[in-house]
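Given next are the chains, with one letter for each unit.
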Amino acid sequence: TQLLEQSPQFLSIQEGENLTVYCNSSSVFSSLQWYRQEPGEGPVLLVTVVTGGEVKKLKRLTFQFGDARKDSSLHITAAQPGDTGLYLCAGAYGNQFYFGTGTSLTVIP
Amino acid sequence: GAGVSQSPSNKVTEKGKDVELRCDPISGHTALYWYRQSLGQGLEFLIYFQGNSAPDKSGLPSDRFSAERTGGSVSTLTIQRTQQEDSAVYLCASSANRLTDTQYFGPGTRLTVL
């Protein structure tokens, strides 16, 4: 059983389309992070959300932390081929750090 | 400045052999993590070192897996009597201090057990 479930697992869209990736848990997190991983590299942190209901924007990426701090979403507007990669949510729970199951995004030119 | 480095980048071994994977964290980072990632999947936590505290080994999948961190810096992940299911990318990360601090990842070691 995964502590952080992401959906969808795979997503293939055309350049210019919008998309949303979800990260859900039955547990409450003090904060959640979103990472992006490109092939052959380690994940790179995009953002950390801390407050329930918080919304953060990073250019065309919008991150939201659920009011109950059990879920988060990542919305990408007008996707570009450079957005292609594996998106991972993550957070600390207890004394461990957990990563989500991942969403593999492919943006077709 | 130098990031997290890992070696080797690729390792092919035969079933039953032992392997050692190395991680050089960012200088001054007190926390170090090892993860395992199967193709296109999320990261599976293996072990976490924090300063001089006893490491959290709760993620190690079997007693064939062990890890050390010498002098609070370099870490080695050892897999004894490798099995085909051990094939994966092994990622190391370090962070400044706390579990919630940003983790900086190395490029990983791709392990293939034949």
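We now turn to the structure provided with this report. (Residues numbered from 1 in each chain as written. Chains lettered and ligands numbered in written order. Predicted model: local features only at pLDDT ≥ 70, side-chain atom pairs only at ≥ 80, totals over all residues. Heavy atoms only, no water.)

### So, the pattern of salt bridges
Here is step 1: Scanning the entire structure with this criterion turns up 5 salt bridges over all chains.
Here is step 2: The shortest N-O distance in the salt bridge between K56 of chain A and E54 of chain A comes to 3.8 Å.
Here is step 3: The class for E54 of chain A is buried, based on a relative accessible area of 18%.
Here is step 4: Among the salt bridges present, the one from R22 of chain B reaches D24 of chain B, with a minimum N-O distance of 2.8 Å.
Here is step 5: In this structure R22 of chain B comes out as partly exposed when scored by relative accessible area, which is 38%.
Here is step 6: The class of D24 of chain B is partly exposed, set by a relative accessible area of 22%. (Salt bridge = Lys/Arg side-chain N within 4 Å of Asp/Glu carboxyl O. Buried < 20%, exposed > 50% of the residue type's maximum accessible area, 1.4 Å probe, protein only.)

### A closer look at the sheet that holds strand β8 (residues 71-76) of chain A
Backbone hydrogen bonds are what pair the strands of a sheet, in a parallel or an antiparallel way.
Residues and elements named next belong to chain A.
Here is step 1: An order of β1-β3-β8-β7-β6 is seen for the 5 strands of this open sheet, with the pairing classed as antiparallel. A single partner strand is all that each edge strand has here, and the edge strands are β1 (5-7) and β6 (55-58). Strand-to-strand twist in this sheet, taken as the mean axis angle between neighbours without regard to direction, amounts to 15°.
Here is step 2: For β6 and strand β7 (residues 61-65), the ladder comprises 4 bridges, and the chain directions are antiparallel. In the sheet register, K57 faces β7, and the bridge partner there is T62. (Pairing = 2+ DSSP bridges. Helix = DSSP H or I, 4+ residues; strand = E, 2+ residues; numbered from the N terminus. Axes fitted to C-alpha atoms, helices over the stretch in contact; angles between N-to-C directions.)

### Some points on the environment of D24 of chain B
Residue and element names in this part refer to chain B.
Here is step 1: By the element assignment, D24 lies in strand β3 (residues 19-24).
Here is step 2: Along the chain, D24 and F65 lie 41 residues apart, while their C-alpha atoms are 19 Å from each other.
Here is step 3: Other than its neighbours up to four places away in sequence, D24 contacts G3, V4, S5 and V74.
Here is step 4: A polar atom in the side chain of D24 sits 2.8 Å from the side chain of R22. (Contact = heavy atoms within 4.5 Å. Polar contact = N/O pair within 3.5 Å; in protein donor to acceptor, adjacent residues only side chain to side chain.)

### What about the packing of aromatic side chains?
Here is step 1: Under the counting rule described, the total for this entry stands at 11 aromatic pairs over all chains.
Here is step 2: Their ring planes at 65° and their centres at 5.5 Å tell us that F97 of chain A and F99 of chain A sit as a pair that is edge-to-face.
Here is step 3: Its relative accessible area of 2% is what places F99 of chain A among the buried residues.
Here is step 4: Aromatic ring contacts, followed pair by pair, group Y35, F97 and F99 of chain A together with Y33, Y35, F45, Y48 and F105 of chain B into a single cluster. (Phe/Tyr/Trp six-rings, centres within 6.5 Å; stacked < 30°, edge-to-face > 60°.)

### Focus: the environment of T84 of chain A
Residues and elements named next belong to chain A.
Here is step 1: Structurally, the position occupied by T84 is in the loop between β8 and β9 (85-93).
Here is step 2: T84 sits in the partly exposed class, given a relative accessible area of 29%.
Here is step 3: Along the primary structure T84 and Q37 are separated by 47 residues, whereas in three dimensions their C-alpha atoms are 9.1 Å apart.
Here is step 4: Not counting the four nearest positions on each side in its chain, T84 is found in contact with E38, L105, T106 and V107.
Here is step 5: Within polar-contact distance, the side chain of T84 engages the backbone oxygen of P81 at 3.0 Å.
Here is step 6: Only 3.0 Å separates the side chain of T84 from the backbone nitrogen of V107, close enough to count as a polar contact.

### What to know about the state of the cysteines
Here is step 1: Applying the stated criterion to the full structure yields 2 disulfides over all chains.
Here is step 2: Each sulfur in the disulfide pair C23 of chain A and C89 of chain A lies 2.1 Å from the other. Where C23 of chain A bonds to C89 of chain A through sulfur, the torsion about that S-S bond is close to 75°, and the disulfide is right-handed. Residue C23 of chain A is found in strand β3 (residues 19-24), and its partner C89 of chain A is found in strand β9; the two are separated by 66 residues along the sequence. The two residues C23 of chain A and C89 of chain A agree in class, both being buried.
Here is step 3: Bridging C23 of chain B to C92 of chain B, the disulfide has an S-S length of 1.8 Å. Because the sign of the S-S torsion sets the handedness, a value of about -60° for the bond joining C23 of chain B and C92 of chain B places this disulfide among the left-handed ones. In this pair, C23 of chain B sits in strand β3 while C92 of chain B sits in strand β8 (residues 88-95), placing the two residues 69 residues apart along the sequence.
Here is step 4: Its relative accessible area of 0% is what places C23 of chain B among the buried residues. (Disulfide = S-S within 2.5 Å.)

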